[in-house]
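Fold and geometry: a report
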Amino acid sequence: MSHTDIRNVADLSDLLAKIPYAGLIGAEVRDDNGAPLFVLPFRESNIGNTLLPALHGGVIGGFLENAAVLHLMWAHEASVLPRVVDFSLDYLRAGRPQDLYARCEIVRQGRRVANVLMSAWQDDEARPIATARAHFLLA
């Protein structure tokens, strides 16, 4: 991926459009009072369990990982992708066949490593369907 300066949420949207997996699942980013709000509009192709139906766990995890990487780049106006050191995901409830939202929070950042928390929800931000923690190696 080419190096792109990230200065605002519009820049994130341009970068997100260049990530093939994000395009495959339909991930978007929106401006929420100057901060990024990551959105996964419902798509039938993102369903994993057709009997419930429920969003595929891998789709949820990939969406959160993309959100964390882009959030880090936005928060630090970075032009180089941070590398995932570890990623831990907790599924709290089934993702229903509807839009999914995510926010990220940088818990700790040093010169070389950053720790990011992610939360994904559908109807109510206070009732997440999944949470994740990740460590990233910064360039």
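Here the structure is shown first, and the text comes after it.
The structure contained in this document is the topic of the report that follows.

Each value, and the rule that gives it
- Residues numbered from 1 in each chain as written.
- Predicted model: local features only at pLDDT ≥ 70, side-chain atom pairs only at ≥ 80, totals over all residues.
- Heavy atoms only, no water.
- Helix = DSSP H or I, 4+ residues; strand = E, 2+ residues; numbered from the N terminus.
- Rg over C-alpha atoms; globule rule 2.2 N^0.38 Å.
- Buried < 20%, exposed > 50% of the residue type's maximum accessible area, 1.4 Å probe, protein only.
- Contact = heavy atoms within 4.5 Å.
- Areas by Shrake-Rupley, 256 points an atom, 1.4 Å probe, with all protein chains shown as cover.
- Lys, Arg positive; Asp, Glu negative; His and termini not counted.
- Charge placed at Lys NZ, Arg CZ, Asp CG, Glu CD.
- Pairing = 2+ DSSP bridges.
- Salt bridge = Lys/Arg side-chain N within 4 Å of Asp/Glu carboxyl O.
- Arc of directions from axis to C-beta.

Turning our attention to the overall build of the protein chain. When you go through the protein chain residue by residue, the secondary structure sums to 3 helices and 8 strands. Relative to the 2.2 N^0.38 estimate, which gives 14 Å for 139 residues, the radius of gyration of the protein chain is 14 Å and therefore close to what a compact globule would have. Counting only C-alpha atoms and orienting by the principal axes, one finds that the protein chain spans roughly 45 × 25 × 25 Å. For the protein chain, the residues scored as buried account for 41% of the 139 residues in total. A separation of at least 24 residues holds for 58% of the contacts in the protein chain among residues at least 6 apart in sequence. For the protein chain, the accessible surface area stands at approximately 7,400 Å², while carbon and sulfur atoms represent 50% of it. Where the 13 positive side-chain charges of the protein chain centre and where its 16 negative ones centre are 6 Å apart.

Cis geometry marks the peptide bond from Leu-52 to Pro-53, where omega comes out at -15°. Tracing the backbone shows Pro-53 in the loop between strand S3 (47–49) and strand S4 (54–55). Here Asn-33, not a glycine, exhibits a phi torsion of approximately 55°, which is positive. Taking the relative accessible area as the measure of exposure, Asn-33 reaches 79% and is therefore exposed.

Looking down a regular strand, the side chains alternate between one sheet face and the other. Both strand S6 (residues 100–109) and strand S7 (residues 113–121) contribute to a ladder of 8 bridges, which runs antiparallel. Bridge pairing links Ile-106 to Val-116 in S7. From the end of S6 to the start of S7, which pair antiparallel, there are 3 residues. Note that S7 and strand S8 (residues 130–137) share 8 bridges and pair antiparallel. By the bridge assignment, Val-116 is partnered in S8 with Ala-134.

Taken as a whole and judged by the stated rule, the model has 5 salt bridges. A salt bridge links Arg-133 to Asp-90; its shortest N-O distance comes to 3.0 Å. Of this pair, Arg-133 sits in strand S8 while Asp-90 sits in strand S5 (residues 83–91); the two residues are 43 residues apart in sequence, bridging distant segments of the chain. Taking relative accessible area as the criterion, Arg-133 reaches 34% and is therefore assigned partly exposed. Residue classification places Asp-90 among the partly exposed positions, given a relative accessible area of 31%. Among the ionic pairs, Glu-125 bridges to Arg-103, the shortest N-O distance being 2.8 Å. Of this pair, Glu-125 sits in the loop between S7 and S8 while Arg-103 sits in strand S6, and the two are 22 residues apart along the sequence. The class for Glu-125 is partly exposed, based on a relative accessible area of 39%.

The next thing to look at is helix H1 (residues 9–16). Within H1, burial applies to Val-9, Asp-11, Leu-12, Leu-15 and Leu-16. Buried residues of H1 fall within an arc of 150° about the axis and therefore sit on the same side. Each element contacted by the buried residues of H1 is listed here: helix H2 (20–25), strand S1 (28–32), strand S2 (35–40) and helix H3 (57–75).

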